[in-house]
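Structure at a glance
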Amino acid sequence: IGSGAGQPGVKPVALVDELGQIKALDWPAKVKTVDELKADVPSEQAYYASLAPPTFDKFGGLPDSGKKLGLQKNGFFHVEKKGEKWMLVDPAGNLFFHLGICAFAPGDDYTTVTGRRSAYDWLPPVESEFKTAYKSDMGDGVFSFHTANMIRKYGKPFVMDDFQSTMIDRVRKWGFNSIGAFSPAVDAVIQA
């Protein structure tokens, strides 16, 4: 609750800025305005374009490693023992090192705003371009600044399929070859 909230004669003071950050603290990479958030798009695009991810086979395995190690291609992920070492093998018969993220999807970044709206500099109405920043089953009581900031930064509504596609591209560029079982993007990865 904002400072002074609920006290007679004391006007509440917002503790969280319009971007969802604590107002009382400052740090070198703190985004100060929505314009600054939007201005980051070209440098973000340049950063991702500059990355050179490793080469994987279509299953995320190391290409041609199966031939070098004498691994079996059986159409399924499986384990094989070579000497004293166990190896995970992908369906193409290549060595597979699972390097994944447990889950990526908005969901754990919501904050309850019911009863403490005065703590925030900015909360949009539900029926606005920021509708998807509110947890749909909670009305206007639970809000995601992360989602709202994505809407402001990229200038378009939040759509889960777009988010998943962007995240899949990003994690592949970072060298990840898989995701965890707790991500709703599993179907999108399989189809990509």
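Scroll up for the structure.
Structure report, in brief. (Residues numbered from 1 in each chain as written. Predicted model: local features only at pLDDT ≥ 70, side-chain atom pairs only at ≥ 80, totals over all residues. Heavy atoms only, no water.)

**Overview of the nonpolar core**
Counting residues in hydrophobic clusters, the biggest one holds 20 residues, and the most contacted among them are F104, Y120, L123 and F143. At the level of elements, α4 (145-154) and α5 (160-173) are the ones that each hand at least two residues to this core. (Core = buried A, V, L, I, M, F, W, Y, C linked by side-chain atoms within 4.5 Å. Buried < 20%, exposed > 50% of the residue type's maximum accessible area, 1.4 Å probe, protein only. Helix = DSSP H or I, 4+ residues; strand = E, 2+ residues; numbered from the N terminus.)

**Focus: the packing of aromatic side chains**
Enumeration according to the criterion identifies ten aromatic pairs in this entry. Between F77 and F96, the aromatic rings sit 5.0 Å apart at their centres with planes inclined by 75 degrees, giving edge-to-face as the arrangement. Taken as a pair, F77 in the loop between α3 (65-69) and β1 (78-82) and F96 in the loop between β2 (85-89) and β3 (100-101) lie far apart in primary sequence, 19 residues in all. Residue F77 is classed as partly exposed on the basis of its relative accessible area, which comes to 43%. Taken together, the ring pairs in this structure connect Y120, W122, F130, Y134, F143 and F145 into an aromatic cluster. Lying across the ring of Y110, K135 places its NZ or CZ 5.4 Å from the centre. Seen from the ring of W122, R152 lies directly overhead, with NZ or CZ sitting 4.0 Å from the centre. (Phe/Tyr/Trp six-rings, centres within 6.5 Å; stacked < 30°, edge-to-face > 60°. Lys NZ or Arg CZ within 6 Å of the ring centre and 35° of its normal.)

**A few points about the pairing of β2**
Remember that side chains alternate between the two faces of the sheet whenever the strand is regular. In this sheet, β2 lies alongside β1 in antiparallel orientation, the contact comprising five bridges. Counterpart to E80 in the pairing with β2 is M87. Between β1 and β2, which pair antiparallel in sequence order, lie two residues; one of them, G83, sits at a positive phi of approximately 65 degrees. (Pairing = 2+ DSSP bridges.)

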